[in-house]
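# Coordinate analysis (summary)
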Amino acid sequence: MSEKITLLKPENPVGIVGYGSYVPRYRLPASEISRIWTDGMGGLPIEEKSVAGPDEDVTTMSIEAARNSLKRAGISPQDIRAVWVGSESHPYAVKPTSTIVAEAIGAVPSTQAADWEFACKAGTEAMVAAMGLVGSGMARYALAIGMDIAQGRPGDPLEYTAAAGGAAFLIGPGEEALAIIEASYSFVTDTPDFWRRAYQKYPEHGHRFTGEPSYFKHITEAGQAMMDATDTKPEDYAYCVFHQPNTKFPQRVGKMLGFNAEQIKTGLLVPKIGNTYSGSAIIGLTAILDEAKLGDNILMVSYGSGAGSDAMVLSVTDNISGKSEKATTTQQYIERRTEIDYATYARLRGKLVKK
Amino acid sequence: MDIPRHWRLRKQRYGLVGEVCEHCDSKVFPPRDICPDCGEEAKTLFSFSGKGEVYSHSTVYDAPKGFDESTPYTIAMVKLEEGPLVTAQLTDLQEKEVKIGMPVEMVTRKLREAGDERSMIVYGYKFRPVMSH
Ligand SMILES: [Zn+2]
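Conventions and cut-offs
- Residues numbered from 1 in each chain as written.
- Chains lettered and ligands numbered in written order.
- Predicted model: local features only at pLDDT ≥ 70, side-chain atom pairs only at ≥ 80, totals over all residues.
- Heavy atoms only, no water.
- Donors = N, O, S within 2.8 Å, 3.2 Å for Na, K, Ca; no water.
- Tetrahedral: all angles 85-135°; square planar, octahedral: opposite > 155°, others 65-115°.
- Contact = heavy atoms within 4.5 Å.
- Buried area = accessible area lost by both parts, 1.4 Å probe.
- Salt bridge = Lys/Arg side-chain N within 4 Å of Asp/Glu carboxyl O.
- Polar contact = N/O pair within 3.5 Å; in protein donor to acceptor, adjacent residues only side chain to side chain.
- Helix = DSSP H or I, 4+ residues; strand = E, 2+ residues; numbered from the N terminus.
- Buried < 20%, exposed > 50% of the residue type's maximum accessible area, 1.4 Å probe, protein only.
- Domains from an automatic or database assignment.
- 1 Å grid on protein atoms, 1.4 Å probe; cavity = no way out; pocket = protein on both sides within 12 Å on 5 of 7 lines; lining within 4 Å.
- Points joined across faces, edges and corners; volume = space filled by probe spheres on them.
- Nonpolar A, V, L, I, M, F, W, Y, C, P; charged D, E, K, R; others polar.

### As for the coordination of the zinc ion
Under perfect tetrahedral coordination by four donors, a metal shows angles of 109.5 degrees; under perfect octahedral coordination by six donors, it shows angles of 90 or 180 degrees. Protein coordination at the zinc ion: the donors are B:Cys21 (SG), B:Cys24 (SG), B:Cys35 (SG) and B:Cys38 (SG), at 2.3 Å from the metal. Taken together, the four donor atoms coordinating the zinc ion span angles of 104 to 117° at the metal, a pattern that classifies the geometry as tetrahedral.

In structure tokens, the structure reads:
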């Protein structure tokens, strides 16, 4: 790239003052999907994926993650000036998820509320907007959520990984932050790798565009530009986390950017919970924050089909100490598991329709 | 479906918001503006912690329309740690056997899986076994 990279850097320091995740309790082993559709033949992209219960949707999952973020932040919900929910599975086509979440956590009525959409990067897009709102001094706190109950057509490769979960971040002033968000940088192009038209239940993918020109291109461009502009190298980071459509992609893209297995492992949750779409990179970030300590630097790069990547550099402050135990940790959610078979899965997710 | 009624109840239903009596500090749920303990006015909003324990329970096999997709399910009277008893559905139980005294916590879930995809989704409190943390 020839032009000089301009980072999004807020006027006033901003950061994460509270975070929370949510993973529903059911797990469908990938071997179970393979047993049904391919007679158990072929490699598996993950071990198992999380499946939401019959009374859960993006709204209820967002409410729980938001409550966890409030427990860690210890602030009044009345001080939140924006509730933004990024998802590609909002329960209503028209009627915001965010107003229900805002009402449930007690943030109404003096708040912004809106739903964000950009395939799997709607959550990080909401975080960038929250940085702007807080960094300009217009708001003290803004809540950004990325959450999905991903859908894959029965028998489609996506069915192995399409999972449920996500995370919520309370963005606030730097002096209260447990991790400062130093800057963000986004790399966006029009790439037709994955889409779902209105009124369609399941997404389509443009096979030729999956992988190289989409996922790998956008993440490496965004990640490398971020490191160049901040004058940092992979060894300056304790952790890195990327969008996780399967186990291999994030490991490979990490390696392409110069990171090692140790830096990737803490945030790599896809083998155990699957691809949580808008929640994927950011729930990895919550698992990192549960373990991080003062001085750790973190590089996060999301990816949304269509396509774009948001890169963020975070540095952990001493406010981190004691924060993870204030709410259920991401690993505790992962360990709480009830294994189900394909028949139960089909019933839970109402998978009677093939189109 | 009674949309105005759902709308009026949303605060108490989404977040377990009740009242506290300024006279004797009793916590009131569901909100009724009068303290059941001292009979004085109690209109100050109070957010319950959502923690409690199972006081009694029963399993529903034959449910009214709108609730029949998830039968059988368990309804419990939960004694909140602040005092009041509330009746609610238990969720995320699976293999867990429900026992009197079992610690539970409030979660906000879909109350109805209405078969009709055109209708409003009703959210509200349920209780699940306490998660370890
Ligand atoms: Zn009283």
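### Digging into the interface of chain A and chain B
Interface size, as often reported, equals the accessible area lost upon joining of the parts. Listed by partner, the interface residues are 26 residues for chain A and 22 residues for chain B. Across the chain A/chain B interface, buried area totals approximately 2,100 Å², and carbon plus sulfur atoms make up 47% of it. Among the residues chain A hides against chain B, the three largest losses belong to A:Asp55, A:Tyr92 and A:Glu103. Together they make up 26% of the total. The interface formed by chain A and chain B contains seven salt bridges. For the pair chain A and chain B, the number of links is 16 residue pairs in polar contact (both at pLDDT 80 or more). Here the side of chain A that touches chain B takes five residues from helix H2 (residues 58-73) of chain A, the largest share from any one element.

### What about helix H1 (residues 30-37) of chain A?
Here H1(A) has its buried residues at A:Ala30, A:Glu32, A:Ile33 and A:Ser34. In this structure, the buried residues of H1(A) make contact with strand S2 (26-29), strand S3 (48-51) and helix H11 (342-348) of chain A.

### A few points about the domain arrangement of chain A
Residues and elements named next belong to chain A. What the domain assignment reports for chain A is domain 1 (14-177 + 323-347) and domain 2 (179-320). Domain 1 and domain 2 are separated by 16 Å when their C-alpha centres are compared. The interface of domain 1 with domain 2 comprises 59 residues on the first partner and 49 residues on the second. Between domain 1 and domain 2, the buried area comes to about 4,200 Å², and carbon and sulfur atoms account for 61% of it. Linking domain 1 to domain 2 there are three salt bridges. At the boundary of domain 1 and domain 2, one finds 24 residue pairs in polar contact (both at pLDDT 80 or more). Breaking the side of domain 1 that touches domain 2 down by element, the ones donating at least two residues are strand S1 (14-22), S3, helix H4 (122-135), strand S6 (141-149), strand S7 (164-173) and helix H10 (330-335).

### Digging into empty space enclosed by the protein
All names here are of chain A. Within this structure, the stated rule accounts for one cavity of 30 Å³ or more. Quantified by volume, the largest cavity comes out at close to 50 Å³. What lines the largest cavity is Lys-49, Ser-50, Val-51, Ala-52, Ile-149, Ala-150, Ala-162, Ala-163, Ala-164, Tyr-345 and Arg-349. The biggest single contributor to the lining of the largest cavity is S3, with three residues. Within the lining of the largest cavity, the residues separate by chemical class into eight nonpolar, one polar and two charged.

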